[in-house]
Amino acid sequence: MASANSAGSASSGWVLVAAVSLVSGLLLAGPALRRHYPVAWWVCLGFPVVCIRVARTWRPLMAGCGLAVSRKAALTVVSGLVGNGAPPPQPRVPQRGLVRPSRGGFWFLVRLLPGQVPEDFVKAAPAMAHNWEVHAVRVTTWKPGLVRVVAAVSDPLKAPQVPNQRGADRLLRVTVGAVETGAQWVIDLRKVPHWLIVGATRSGKSTLINALVAGLARQPVALVGIDCKGGMELSLYAPRLSALATNRTQAVELLGALVDLTLDRMNVCRAARVRNVWGLPEDERPVPIVVIVDELAELFLIASRNEKEEAQATSTALIRLAQLGAALGVFLVVAGQRVGSDLGPGVTALRAQLAGRVCHRVADPGTAEMALGDLNPDALHAAQAITPEQAGTAVLASADGWDRARSHLVSEAEAERVAAEYAHLTPYVPELVTAGGGTSADDVPSVRLERLDGEETE
């Protein structure tokens with residue numbers, strides 16, 4: 001019996017020594033492991049340490065943030081409260097679920113106590129991040145009575161990795177950057193057909209447009225540009241553009257032609273008894289058209305009566321395209337440094353039709369309010385917190401929610417190279433040739449159209 005006990009003690013001692021040696025090795029090799037093998041570091045060391053930290057600090061953190069309630073009625077527990085020499089009362093804290101790992105962080109669910117609302121936990125998010133020593137914590141509503149706490153250990157937007165480009169993405173779908181969760185930032189015009197992009201000078205707005213247009217240039221779509229700053233931005237893509245308007249007079253003519261083209265497509269769909277162009281036979285399906293408008297304010301500024309008429313015509317055409325275009329293969333991407341209601345009621349009406357919103361750092365709060373205020377107040381606060389040092393970082397929002405994201409860097413030289421390489425894909429759209437300098441009829445390309453089921457046809 002004594003020998004058995006001795007053998008058991010020796011075995012336990014060896015297990016303890018092995019465990020201590022393993023933990024010590026991981027701690028010593030932690031920095032190198034994190035740098036070269038971040039996934040292995042997170043699984044072996046980072047996540048277990050975070051779980052211990054969350055469990056150890058949860059009760060005092062809830063008390064310190066005012067989210068713990070005394071078990072006695074009508075009393076709120078404050079961190080460190082002691083009465084008459086008695087030990088601190090044990091407060092009732094919100095019930096926390098199991099901590100689950102995610103890519104670059106972790107998440108868990110929390111059940112709210114009676115009288116609590118998700119906004120209480122949103123306010124406590126910075127304190128959570130500091131206590132758990134992570135980059136950021138975000139709190140969202142999971143379902144009534146439950147909130148979801150998501151933590152990012154490091155900033156995934158600091159240096160987003162550009163994915164290897166193997167040909168074109170799926171039709172009208174472009175990977176333009178990375179979101180805060182570590183996933184790819186994808187703009188899919190089939191799901192969200194119209195977008196508003198705002199941002200001050202050097203905030204990353206032009207880089208995002210470059211990334212989007214560079215991705216679309218590889219696809220069988222017609223690109224139409226409206227750049228009333230003399231074409232300084234979108235002229236980089238001139239070889240790949242089916243039409244380009246460089247002043248407001250040309251823009252009015254080009255937008256009018258696009259509206260007429262949209263109405264013609266509507267007649268074709270009605271005659272074929274289909275609800276959109278994707279229901280047409282392949283040989284009758286028109287090429288998708290993506291309209292990129294750079295610096296929206298230039299279309300709405302008014303200095304004379306004639307300019308007022310042009311601005312009204314532009315506003316009406318853009319709103320009609322936004323209302324009708326999604327089903328008829330015409331998509332809008334509208335960008336500007338400043339977009340506000342002071343530009344006229346047409347801007348507000350147009351904004352209501354642009355379901356996808358991207359807000360970089362802006363110079364005035366009105367622009368951020370115009371872009372995000374009607375969708376999500378939390379997204380608005382996140383956009384207003386973007387600093388000048390975070391160039392390229394943006395908040396993107398839609399009816400489904402919001403995320404922080406950063407676009408991949410596409411330089412001017414890269415933009416010109418892509419336009420030249422894929423110039424042969426530029427479709428000939430006869431309705432746009434006389435409006436804004438389209439392609440010539442002698443250079444009609446062979447355009448490949450992609451079917452909805454994934455097959456392709458010449």
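Residues numbered from 1 in each chain as written. Predicted model: local features only at pLDDT ≥ 70, side-chain atom pairs only at ≥ 80, totals over all residues. Heavy atoms only, no water.

## Digging into the overall build of the protein
The helix and strand tally for the protein stands at 12 helices and 17 strands. Here the protein holds 458 residues, and 45% of them are scored as buried. Total accessible area on the protein is roughly 23,100 Å²; 55% of this is exposed by carbon and sulfur atoms. (Helix = DSSP H or I, 4+ residues; strand = E, 2+ residues; numbered from the N terminus. Buried < 20%, exposed > 50% of the residue type's maximum accessible area, 1.4 Å probe, protein only. Areas by Shrake-Rupley, 256 points an atom, 1.4 Å probe, with all protein chains shown as cover.)

## Things to note about the pairing of strand S7 (residues 184-188)
Here strand S6 (residues 173-179) runs beside S7; their pairing, made up of five bridges, is antiparallel. Note that in S7 the partner of Gly-177 across the bridge is Trp-185. The hairpin turn running from S6 into S7, its antiparallel successor, is four residues long, and Gly-182 in that turn takes a positive phi close to 95 degrees. (Pairing = 2+ DSSP bridges.)

## A few points about the packing of aromatic side chains
Throughout the structure, instances matching the rule amount to six aromatic pairs. With 5.7 Å between their ring centres and 85 degrees between their planes, Trp-58 and Phe-108 make a pair best called edge-to-face. One end of the pair, Trp-58, is in helix H2 (residues 38-64); the other, Phe-108, is in strand S3 (residues 105-111), with 50 residues separating them in the sequence. By the ring-pair criterion, three or more aromatic residues cluster together here, those being Trp-58, Phe-106, Phe-108 and Trp-132. In this structure, Arg-96 packs its charged tip against the face of Trp-58, placed 5.8 Å from the ring centre. A cation sits over an aromatic face here: Arg-190 above Trp-278, 4.0 Å from the ring centre. (Phe/Tyr/Trp six-rings, centres within 6.5 Å; stacked < 30°, edge-to-face > 60°. Lys NZ or Arg CZ within 6 Å of the ring centre and 35° of its normal.)

## What about the side chain of Arg-240?
Relative to the helices and strands, Arg-240 resides in the loop between strand S9 (222-227) and strand S10 (241-245). Here Arg-240 is buried and forms no salt bridge, its nearest opposite-charge partner Glu-421 lying at an N-O distance of 11 Å. Here the side chain of Arg-240 touches Val-221 through a polar contact of 2.9 Å, landing on its backbone oxygen. Sequence-distant contacts of Arg-240, defined by excluding residues within four places in its chain, comprise Leu-216, Ala-217, Gln-219, Val-221, Leu-223, Ala-419, Tyr-422, Ala-423, Leu-425, Thr-426 and Pro-427. (Lys, Arg positive; Asp, Glu negative; His and termini not counted. Salt bridge = Lys/Arg side-chain N within 4 Å of Asp/Glu carboxyl O. Polar contact = N/O pair within 3.5 Å; in protein donor to acceptor, adjacent residues only side chain to side chain. Contact = heavy atoms within 4.5 Å.)

## Considerations on the environment of Arg-338
With respect to the element layout, Arg-338 can be found in the loop between strand S12 (330-336) and helix H8 (345-353). Arg-338 sits 25 residues away from Ala-363 along the chain, and the two C-alpha atoms are 7.8 Å apart.

## Quick word on the pattern of salt bridges
As enumerated under the stated definition, the model contains 10 salt bridges in all. Notably, a salt bridge pairs Arg-248 with Glu-310, separated by 3.4 Å at the nearest N-O pair. Taken together, the residues Arg-248 in helix H5 (residues 248-272) and Glu-310 in helix H7 (residues 305-324) connect sequence positions 62 residues apart. Since its relative accessible area comes to 24%, Glu-310 is described here as partly exposed. One continuous salt-bridge network, built from bridges that share partners, spans Lys-205, Lys-229, Glu-233 and Asp-294.

## A look at helix H9 (residues 365-372)
Among all positions of H9, only Thr-367, Ala-368, Met-370, Ala-371 and Leu-372 are buried. For H9, the secondary structure elements touched by its buried residues are strand S8 (194-198), H8, strand S13 (356-359), helix H10 (377-384) and strand S14 (393-398).

## Thoughts on helix H4 (residues 205-217)
Over its 13 residues, H4 extends 18 Å from the first C-alpha to the last, a length consistent with the 18 Å expected when each residue adds 1.5 Å. Extensive coverage of H4 is indicated by the burial of 11 of its 13 residues. Listing the buried residues of H4 in full gives Lys-205, Leu-208, Ile-209, Asn-210, Ala-211, Leu-212, Val-213, Ala-214, Gly-215, Leu-216 and Ala-217. (Expected span 1.5 Å × (residues − 1).)

## Observations concerning the sheet that holds S10
Strand pairs in the sheet, formed through backbone hydrogen bonds, run parallel or antiparallel to each other. Read from one edge to the other, the open sheet built from 10 strands follows the order S7-S6-S15-S14-S13-S8-S12-S11-S9-S10, with strand pairing classed as mixed. Here the strands that pair on one side only, and so sit at the sheet edges, are S7 and S10. When the angles between neighbouring strand axes are averaged without regard to direction, this sheet yields 25 degrees. Running at roughly 130 degrees to S12, H7 makes contact with S8, strand S11 (289-294) and S12 of the sheet. Across the sheet, H10 lies against S13, S14 and strand S15 (401-407), angled at about 170 degrees from S14, the strand it touches most. (Axes fitted to C-alpha atoms, helices over the stretch in contact; angles between N-to-C directions.)

## Some words on the nonpolar core
Ranked by internal contacts, the top residues of the largest apolar core, which has 52 residues, are Ile-226, Leu-258, Val-291, Leu-296, Leu-299, Leu-318 and Leu-372. In terms of residues, this core owes the most to one element, H5, which gives seven residues. The contacts of Leu-372, once residues within four sequence positions are left out, are Arg-357, Cys-359, Ala-379, Leu-380, Ala-383, Val-395 and Ala-397. Formed by 46 residues, the second largest nonpolar core is a distinct cluster that contains Val-179, Ile-209, Leu-241 and Leu-425. (Core = buried A, V, L, I, M, F, W, Y, C linked by side-chain atoms within 4.5 Å.)

## Focus: the side chain of Arg-53
Summarising the element assignment, Arg-53 is placed in helix H2. A distance of 2.9 Å separates a polar side-chain atom of Arg-53 from the backbone oxygen of Trp-132.

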